[in-house]
Amino acid sequence: MKTAFVLGGGGLLGAHEVGMLRALAEAGVTPDYIVGTSIGAVNGAFVAADPDGAADRLTELWRGEALRHVFSETVLGRTIRLIRSGTHFHAIEPLKRLLADTLPAADFTDLKLPFHCVAASIEEATAHWFTSGPLVPAVIASCAVPGLLPPVEIDGNHYFDGGLVDSIPVGRAVALGATSVYVLHAGRIESPLSVPKRPWEVGLVAFEIARRHRFHEEMSAIPPGVQVHVLPTGGQRLPPGMRQFRYRDRNQVNDSIDRSYAAVADYLATDRG
């Protein structure tokens, strides 16, 4: 039996995955493959690099100040960058430096577990899976949210956030040969959508419909003999509007980690009981 952890996208709510990882580790559930998208690619890279210590590393990262500082620019600074660039609010260099300083691996060959992360290719208008080469550029490409961050250039091609093409890539894990799949998601599939009332909410709702449809399509195509565990997050609801992309809300981060840890620990105890 081969086990895969699939870590989905979701901005700030990626903290849920940290609590899930801690509960899985304490229950002795270990992966053979790691598949990640967007913030799930960030979390997943830590697991692939250091399977035994990833939960502790990520807890320290998410509960510390470093991640919040990546997106701590003032409103005026973000506005100036948007005017100058015409495409995005945040510089990508702080996130790149953070990952280079904290990830215990520089290249896919340095990883202890096979790791696949996906980004959306602009030129090819399709999913591009990274499985080799320098690790940080691939992870950065996977989490380059359009409008918030600039597209990432790798070998002459440009990439946006992998959530645009495969936000919870269960199908990739199955294609790798996993027969037991644990879905670590950010809680968005649990939150009902509301009719948009503001211009920016229209795009967010449309994106949510598309990403959830893709996930349900992949789940409906799971072959016999493959067991998929969609882990609970503890019932926290998706924040409205752009709040889901913020990284500076310490209370929400701590709550997400604690809720998901408790929910998954209970799920695993019941599932194995």
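Coordinates for the structure precede this section.
As the structure is a computational prediction, the values presented were derived from the model and not from experiment. (Residues numbered from 1 in each chain as written. Predicted model: local features only at pLDDT ≥ 70, side-chain atom pairs only at ≥ 80, totals over all residues. Heavy atoms only, no water.)

Asks: I tried to follow the pattern of salt bridges on my own but got confused; where do I start?
Replies: It is possible for side chains bearing opposite charge to pair when their charged atoms get close. Tallied over the full model, the rule gives nine salt bridges. When the shortest N-O distance is used, the salt bridge between D50 and R57 registers 2.7 Å. According to the relative accessible area criterion, D50 is buried, its value standing at 14%. Overall, R57 belongs to the partly exposed group, its relative accessible area being 34%. (Salt bridge = Lys/Arg side-chain N within 4 Å of Asp/Glu carboxyl O. Buried < 20%, exposed > 50% of the residue type's maximum accessible area, 1.4 Å probe, protein only.)

Asks: Just to check I follow, could you spell out helix α1 (residues 15-26) for this structure?
Replies: Along an α-helix, residues three or four positions apart point the same way, because every turn accommodates 3.6 residues. Over its twelve residues, α1 extends 17 Å from the first C-alpha to the last, a length consistent with the 16 Å expected when each residue adds 1.5 Å. Within α1, nine of the twelve residues are buried, leaving the element largely enclosed by the surrounding structure. Looking only at α1, the buried set comprises A15, H16, E17, V18, G19, M20, L21, A23 and L24. Positive phi shows up at G28, right after α1, with a value of about 80 degrees. (Helix = DSSP H or I, 4+ residues; strand = E, 2+ residues; numbered from the N terminus. Expected span 1.5 Å × (residues − 1).)

Asks: Just to check I follow, could you spell out the pairing of strand β6 (residues 157-160) for this structure?
Replies: Working note: regular strand, side chains alternate between the two faces of the sheet. Pairing of strand β3 (residues 115-121) with β6, which is carried by two bridges, proceeds in the antiparallel orientation. Looking across to β6, one finds that A120 is bridged to F160. As paired elements, strand β5 (residues 152-154) and β6 share three bridges and run antiparallel to each other. Within β6, the residue paired with E153 across the bridge is H158. The hairpin turn running from β5 into β6, its antiparallel successor, is two residues long, and D155 in that turn takes a positive phi close to 55 degrees. (Pairing = 2+ DSSP bridges.)

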